[in-house]
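# Observations on chain architecture
Chain by chain, the residues run as shown.
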Amino acid sequence: MHETLPELLRETFRTQRVFSENGEEFPLGSNVSKEEAETLYRVVRSGKAKLSVEIGFAHGVSAIAILQAIQDNGGGLHHVIDPFQEQYSDIGLAMVSRAGLKPYFSFHRKFAEEVIPSLPGLDFA
């Protein structure tokens, strides 16, 4: 169990770089701060969230913090909704994969109003 952000995310904050699926590097941008990511991790962890949703993805920083907490909570599922992920070269998807957190992840390339009504009771949003 980590009790902290995963190494990939700590490295991302150190280098200010993210990676596409093919390994191409991009500058980190459109993300929460390291402190905000740590807060997200702690809140999801302490609330023992198993089912969560997030609207917007970009480079996946906040999602990775939430996903790590869900994994550390013993499992669950984090839904991410972003119809515009391709405008970020699908980097968020690549980073979640690189972090090894895909088993806890469900991505929706749709608008929130198309997804949220069908989600069961959420622990965190």
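Refer to the structure above for everything that follows.
Not measured: the values here are computed from a predicted model.

## Structural notes on the pairing of strand β3 (residues 51-55)
Judged by how many residues are buried, β3 sits mostly within the fold: four of five residues are covered. Of the strand pairs in this sheet, β3 and strand β4 (residues 77-81) are connected by five bridges, and their pairing is parallel. From the neighbouring strand, V53 faces β4, where its bridge partner is H79. Between β3 and its parallel partner β4, the chain crosses via helix α3 (residues 61-72), and the hand of that crossover is right-handed.

## Considerations on the packing of aromatic side chains
Enumeration over the complete set of coordinates arrives at four aromatic pairs. Consider the rings of F57 and F105, whose centres lie 5.6 Å apart with planes at 25 degrees: the pair is stacked. Here the residue F57 occupies a position in the loop between β3 and α3, and F105 occupies one in strand β5 (residues 105-108), the gap between them amounting to 48 residues. Taken individually, F57 and F105 each receive the classification buried, so the pair is uniform in this respect. Here the aromatic residues F57, F105 and F107 are joined through ring pairs into a cluster of three or more.

Calculation rules
Residues numbered from 1 in each chain as written. Predicted model: local features only at pLDDT ≥ 70, side-chain atom pairs only at ≥ 80, totals over all residues. Heavy atoms only, no water. Buried < 20%, exposed > 50% of the residue type's maximum accessible area, 1.4 Å probe, protein only. Helix = DSSP H or I, 4+ residues; strand = E, 2+ residues; numbered from the N terminus. Pairing = 2+ DSSP bridges. Right-handed = clockwise from strand over helix to strand, strands pointing away. Phe/Tyr/Trp six-rings, centres within 6.5 Å; stacked < 30°, edge-to-face > 60°.

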